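Chains, contacts and geometry: an overview
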Amino acid sequence: IKAVSEASGETIIEIAAGTFQLPGQLVIKKGTTLKGAGMEKTILTNASNFNGNPATLPDPEQNFKKFDRSGYLIQFEENASDITISDLTLTGPNLHGAIFGWGNQKIHLHHLKIADFMYSGFRSYDTRELKVHDCIFIDAGQRWEKGKPGLEGGITGGGIFTFWLKDSEIYHNRFLDTRPEPNLHYYGIKGRQAKRVRIHHNTIETNFSIEFAFENDEDVEIDHNICQGTISIPKHGGGPVPTSGSTFHIHHNYFRNGYSIEYMRNGAQIHHNLFDFDAQKDGSNLISEFGNVPAKGPTEFHNNLINNPGRGVIWMNAPYAGLTFRNNHIIAR
């Protein structure tokens, strides 16, 4: 704690193997590197007198002035840049999350195990040049249901939950959800607006694998992931198409759930994916959309391999213009 508080300039703080129970939040300054001896070797957790407040969860996603930042094990100093955290295990369970960042740039998180938190493993607002790789997220958040004491709101947290993310990369991570209770499920990667972001080579074994709903996304590439759950990218009326022409580019992923993509979105391209569904679970549509507002498009859906599409490949409630469907190989069982 003393080393972190006194850090200045480019400071590397190495933490030896052991379990350290923090009596309060670590606030990381610009230029600081926090490095442990390795996952499972250096463990940071909260002491019994340092707990998050469940009454402030879920955080109000759009009213950022009401975010409760106090319930995170580590917080980046506001607008700080050039911060690295690596080779640690960060765990709760009585905290909102492992790391919170606000207005940060050039953040590098790698070789972290982030396990057992109430809301989100890494929670950030207005972040640029973020790199998260070679991390394991286990039960790193949960859904806050209405009608249960302390669980009001019905909003789901994420292993990584970013609001306004730009020029960033998330890769070579694993997201696991091991708890049996349905209300405890969380999302792997969740965001509200992403621009020029690539998410690739992750294994995401959570209820929803990736969600970027509502806001105007641009040049988001999602590729070479194993997705046990849904990729959710809906926008009212499909949303605007940016000047680049691309909102989401989804390719070379392996989907295991028949409810693979929640739609609708304009300016998207979905190709060279493998959709491999259990023939006994045929109650889903590969692409599903539940609105009633027509969309201008376009979407290109091509060169995909589909093993047992269930009830259908594309089901949209509203009219959709500019849909190209070509060169897909579908085997219905």
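Preceding block: the structure.
Here's what I pulled together on the structure shown here. (Residues numbered from 1 in each chain as written. Predicted model: local features only at pLDDT ≥ 70, side-chain atom pairs only at ≥ 80, totals over all residues. Heavy atoms only, no water.)

Our next topic: a nonpolar patch on the surface. Judged by side-chain polarity, L323, F325 and I330 come together as a nonpolar surface patch covering roughly 240 Å² of accessible area. With respect to the secondary-structure elements, I330 resides in strand β32 (residues 329–331). (Patch = residues over 30% accessible without salt bridge, like charges linked within 9 Å, V, L, I, M, F, W, Y side chains within 5 Å. Areas by Shrake-Rupley, 256 points an atom, 1.4 Å probe, with all protein chains shown as cover. Salt bridge = Lys/Arg side-chain N within 4 Å of Asp/Glu carboxyl O. Helix = DSSP H or I, 4+ residues; strand = E, 2+ residues; numbered from the N terminus.)

Its location among the elements puts S120 in strand β10 (residues 120–133). The class for S120 is buried, based on a relative accessible area of 0%. Only 3.1 Å separates the side chain of S120 from the backbone nitrogen of G158, close enough to count as a polar contact. Excluding residues that lie within four positions of it along the chain, S120 makes contacts with Y72, H96, G97, A98, A140, G141, G157, G158, G159 and F161. (Buried < 20%, exposed > 50% of the residue type's maximum accessible area, 1.4 Å probe, protein only. Polar contact = N/O pair within 3.5 Å; in protein donor to acceptor, adjacent residues only side chain to side chain. Contact = heavy atoms within 4.5 Å.)

Where strand β7 (residues 81–91) and strand β9 (residues 105–115) come together, 9 bridges link them in parallel fashion. By the bridge assignment, T91 is partnered in β9 with A115. Here β9 runs beside β10; their pairing, made up of 5 bridges, is parallel. If you follow H108 over to β10, its bridge partner there is K131. (Pairing = 2+ DSSP bridges.)

It is worth spelling out the environment of A55 at this point. Relative to the helices and strands, A55 resides in the loop between β5 (42–46) and β6 (72–76). The spatial distance from the C-alpha of A55 to the C-alpha of L34 is 30 Å, given a sequence separation of 21 residues.

Moving on to the nonpolar core. Counting 68 residues, the largest nonpolar core has L34, I85, L90, I99 and Y263 as its most contacted members. In this view, Y263 contacts I233, P234, A268, I270, I287, S288, E289, T299, M316 and Y320; residues no more than four positions away in its chain are not counted. L57, F67, M118 and Y125 belong to the second largest nonpolar core, which has 11 residues in total. (Core = buried A, V, L, I, M, F, W, Y, C linked by side-chain atoms within 4.5 Å.)

It is worth spelling out unusual backbone geometry at this point. Of note, the bond from Y263 into M264 is cis; its omega dihedral lies within 30 degrees of zero at 20°. Relative to the assigned elements, M264 resides in the loop between β24 (261–262) and β25 (268–271). The residue after G297, namely P298, is reached through a cis peptide bond having omega 5°. With respect to the element layout, P298 can be found in the loop between β27 (285–289) and β28 (299–302). Even without being a glycine, R196 presents a positive backbone phi close to 55°. Here R196 falls in the partly exposed class, since its relative accessible area comes to 37%.

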